[in-house]
Amino acid sequence: MTWQLSNTALDEQQLLVNESLMFLGNGYLGVRGNFEEGYRDDFKSIHGTYINAFHEETEIQYGEKLFGFPDFQQKLANVIDTQEIEVYLDGERFSLFEGEIINFDRTLHMDQGYSVREVHWRSPKSQEAKLTFTRVVSFVTKELFAIKVDVEPISNVREVKLISKVKGDVTNYVEKDDPRLASNHAKLLYANEAKSEAGLTQVKARTERTDLEVACVMRHEHDGQHSIEHNGYEIIETFTFDGASNASLIKYNVYTDTLRHGDDLLEKGIQIQSKLVEFETILKEQKAYLDEFWRVSDIAIAGDDSLQQGIRFNLYHLLQSVGKDSVSNISAKGLSGEGYEGHYFWDTEIYIFPVFLMTNPEIAKGLLLHRYSTLDAARLRAKEMGHKKGALFPWRTITGPESSAFFPAGTAQYHISADIAYSFIQYYLVTKDEQFKQEYLAEVLIETARLWADTGFMKNGQFLINNVTGPDEYTCIVNNNYYTNAMAKYNMEWAYKIYQDMRESELVQQLGVTEDEALFWNEAAEKMLLPFDDELGINEQDDTFLNKQVWDFENTSDEEYPLLLNYHPLTLYRYQVCKQADTVLAHFLVEDLADDETIRKSYDYYEHVTTHDSSLSYCVFSIMASKLGYDEKAYHYFNETARLDIDNLHKNTKDGLHMANMGGTWLAMVYGFAGLRVKEEGLSFRPRQVKAWDDFSFSLRFRDRLINIQLVDGQVVYTLVEGDDLDVSHFNEQVQLSVGSPVSKVL
Ligand code: BGC
């Protein structure tokens with residue numbers, strides 16, 4: 001059960017949620033779990049197929065547009081639809097909304113990489129059949145989405161007919177009153193070619209403004225009678241089978257797009273089609289790919305199947321959504337839906353990147369390279385925002401331009417630039433890849449340090465950064481946000497360090513960094529103001545946070561959460577109320593800047609004013625609870641993350657899965673329960689026994705090693721599985737690891 005997720009009944013209330021939960025993807029392509037045969041007319045499914053980073057730009061309509069507001073917004077486009085396959089038994093159309101469902105089972109196989117939907121159905125006229133729909137989005141051939149339909153007639157059916165469609169004209173989903181979804185511009189893609197040649201159905205479509213093209217080349221495998229019909233940019237193929245035996249149809253859909261496949265997309269698609277292996281082999285390849293993924297990435301717990309399922313589900317979906325080609329990244333909802341319009345946020349660097357960094361570093365590197373490819377756009381944005389130098393990364397984007405229309409909780413979140421710098425540093429600490437340092441890390445650090453140097457200023461011996469927004473979106477445009485300042489300090493310290501190391505290099509010369517400039521980064525970092533309240537003994541979230549009234553939590557009903565859907569932002573900004581971890585997160589990421597007492601008192605304080613209206617919050621509170629020895633809280637907050645989507649705890653899983661939270665589950669276990677930290681000295685652990693679990697184990701990759709960590713029977717066992725000897729720290733004690741010699745420590 002822990003390797004699968006199943007729906008065993010048709011629950012109409014849950015259909016949209018299940019479309020997200022059952023989505024299949026591979027980081028390039030994502031297909032929502034829509035029903036092939038369609039729905040009842042009055043049922044609005046969120047029908048979607050997405051290609052990571054394939055987008056259109058639409059004009060932002062402002063009532064009042066001020067200087068520097070972005071003109072356009074990028075949006076992930078829903079692409080050519082190949083999901084539809086209608087099924088007819090002697091002319092009666094199969095529908096789950098009519099007739100009788102004798103059995104229904106849809107299962108996502110996370111160890112095998114496909115989903116199967118089995119339905120035993122009796123039609124209104126009492127025809128009976130078992131139908132099986134098997135779907136796979138290949139991890140090996142990223143362009144491929146295949147569907148196999150098997151129909152086994154049970155009653156005396158004379159003829160089985162399958163009608164398979166490809167639709168070039170599709171629209172995106174819009175919902176007016178939810179700021180987390182697109183409120184307009186449903187039409188982003190226009191079909192411009194549809195033909196059938198040499199047994200291949202071929203459809204092309206194009207976006208208008210970005211001028212990107214997507215193509216689908218499709219082929220069927222079957223032993224029925226075939227006919228074909230064109231209806232504009234929709235191609236309809238009919239397959240007729242003798243009802244005396246079982247009918248089977250396989251639909252191989254190959255997607256190509258301008259961002260990866262150059263100009264002749266149909267030709268590319270045809271080539272890929274010609275090399276495809278057969279369906280059963282595709283499934284075997286999936287299994288082999290996933291065996292390797294799970295060997296390194298699985299987290300196993302004993303004693304709680306439901307949590308175990310949640311943990312695997314979250315990891316699996318991260319893998320399905322993460323871009324692996326440096327052309328794309330991972331959006332807030334991955335490839336599972338249209339929430340947040342396919343944009344990449346800081347979610348990547350702080351919540352998702354670490355998971356891949358420590359398990360699949362090549363995927364992590366791809367994410368950084370994608371960000372690096374947007375550095376010029378970030379330089380441009382810095383200029384637009386009035387900075388003389390530096391790079392300001394956008395709050396939300398696909399290929400680089402700022403796509404946020406609401407600057408207080410968008411562009412003002414300058415911390416994203418420090419978050420990106422932080423992830424580049426983390427990559428270097430984990431891999432010690434010197435070439436990476438010279439080619440990418442140095443430039444990103446220099447340009448982001450320049451941004452901070454230009455944004456802040458020295459006053460009375462302190463470096464101040466004014467008018468920014470920290471991670472907490474219920475407290476906007478503030479002076480000296482602790483999180484931002486702490487992260488900027490770290491960013492500048494590192495930039496100075498790298499400068500010292502590389503001052504003679506071509507890059508440093510090219511970028512024109514002067515000694516004075518670099519010295520200023522160092523000075524600003526040293527003198528960075530980190531707000532501290534003497535009375536409470538906590539780091540204040542910003543200069544004025546504690547002067548505000550505390551939100552009246554007692555008189556706020558459950559229905560009023562998330563507050564953002566019920567209160568004007570200004571109302572929220574006037575109170576001490578946090579949407580998500582802010583200072584508490586800084587205490588995790590740059591923990592050495594505060595002493596333990598401050599960290600504890602801050603946690604206790606902010607916990608009482610945090611609503612966790614953002615799903616990015618729980619995991620941070622769990623990690624820090626583990627650090628502070630608040631074991632029950634650590635477990636409680638962790639529990640909120642592990643099944644957040646499966647149980648639809650935020651009530652918006654229909655719009656897509658919460659990718660950052662999914663990464664957060666891993667972080668809460670590895671950085672929280674196992675107490676991992678990655679610093680210049682190497683790896684350190686401060687594990688805590690999780691009472692509820694008899695056994696808890698996971699693996700990490702670190703500088704070409706594979707290390708397994710197991711917490712079992714009151715001890716932790718460190719095992720070096722692959723690679724050269726390595727020293728790690730266990731509660732400040734150096735432990736030497738060698739292959740074949742596990743080391744146990746009592747907890
Ligand atoms: C959170 C942000 C996050 C965004 C996308 C918002 O609700 O407050 O921190 O980046 O969602 O996940």
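Residues numbered from 1 in each chain as written. Predicted model: local features only at pLDDT ≥ 70, side-chain atom pairs only at ≥ 80, totals over all residues. Heavy atoms only, no water.

The name an unreviewed UniProt entry assigns to the protein is Glycosyl hydrolase family 65 protein, from the organism Alkalibacillus silvisoli. Per UniProt, the protein has the following entry under Sequence similarities (unreviewed entry): "Belongs to the glycosyl hydrolase 65 family." (UniProt positions renumbered as here; feature names shortened; annotations may be inferred.)

Caption draft 1: The site of the ligand, seen in detail. Looking at the ligand, the residues that line it are Ala 332, Tyr 340, Phe 345, Trp 346, Asp 347, Trp 395, Glu 473, Lys 579, Gln 580, Ser 614 and Leu 616. In the model, an oxygen atom of the ligand is placed 3.0 Å from a nitrogen or oxygen of the Tyr 340 side chain. Residue Gln 580 places a side-chain N or O atom 2.7 Å away from an oxygen atom belonging to the ligand. Here the residues of the shell around the ligand sort into six nonpolar, two polar and three charged. (Near = heavy atom within 4 Å. Polar contact = N/O pair within 3.5 Å; in protein donor to acceptor, adjacent residues only side chain to side chain. Nonpolar A, V, L, I, M, F, W, Y, C, P; charged D, E, K, R; others polar.)

Caption draft 2: Just the sheet that holds strand β24 (residues 677–679), in detail. Read across the open sheet, the four strands follow the order β24-β25-β29-β30; overall the sheet is mixed. A single partner strand is all that each edge strand has here, and the edge strands are β24 and β30 (733–737). Along the sheet, successive strands turn relative to each other by an average axial angle of 35°, direction set aside. When strand β29 (residues 726–730) meets β30, the two strands line up antiparallel, connected through five bridges. In the sheet register, His 730 faces β30, and the bridge partner there is Glu 733. (Pairing = 2+ DSSP bridges. Helix = DSSP H or I, 4+ residues; strand = E, 2+ residues; numbered from the N terminus. Axes fitted to C-alpha atoms, helices over the stretch in contact; angles between N-to-C directions.)

Caption draft 3: Up close: a negative patch on the surface. Together, Asp 704, Asp 724, Asp 725 and Asp 727 give the surface a local cluster of negative charge. Positionally, Asp 727 belongs in strand β29. (Patch = residues over 30% accessible without salt bridge, like charges linked within 9 Å, V, L, I, M, F, W, Y side chains within 5 Å. Areas by Shrake-Rupley, 256 points an atom, 1.4 Å probe, with all protein chains shown as cover. Salt bridge = Lys/Arg side-chain N within 4 Å of Asp/Glu carboxyl O. Lys, Arg positive; Asp, Glu negative; His and termini not counted. Charge placed at Lys NZ, Arg CZ, Asp CG, Glu CD.)

Caption draft 4: Expanded view of the side chain of Glu 86. Looking at where Glu 86 falls in the secondary structure, it is placed in strand β6 (residues 85–89). Assessed through its relative accessible area of 7%, Glu 86 is described here as buried. A polar atom in the side chain of Glu 86 sits 2.7 Å from the side chain of Tyr 88. A distance of 2.8 Å separates polar atoms of two side chains, one belonging to Glu 86 and the other to Lys 165. Residues in contact with Glu 86, not counting those within four places in the same chain, are Glu 36, Glu 37, Arg 93, Lys 161, Leu 162, Ile 163 and Lys 165. (Buried < 20%, exposed > 50% of the residue type's maximum accessible area, 1.4 Å probe, protein only. Contact = heavy atoms within 4.5 Å.)

Caption draft 5: Fine view of the pattern of salt bridges. Per the stated rule, a full pass over the model turns up 58 salt bridges. Notably, a salt bridge pairs Arg 32 with Glu 19, separated by 3.0 Å at the nearest N-O pair. Of this pair, Arg 32 sits in the loop between β3 (29–31) and β4 (49–59) while Glu 19 sits in helix α1 (residues 15–21), and the two are 13 residues apart along the sequence. Glu 19 gets classed as buried once you look at its relative accessible area, which sits at 1%. Between Glu 607 and Lys 633 there is a salt bridge, with the nearest N and O atoms lying 2.8 Å from each other. In this pair, Glu 607 is assigned in helix α16 (residues 596–607) and Lys 633 in helix α18 (residues 631–642), connecting sequence segments 26 residues apart. Among the ionic contacts, a cluster of salt bridges with common partners joins Glu 193, Lys 195, Glu 197, Lys 204, Arg 206, Asp 211 and Glu 213.

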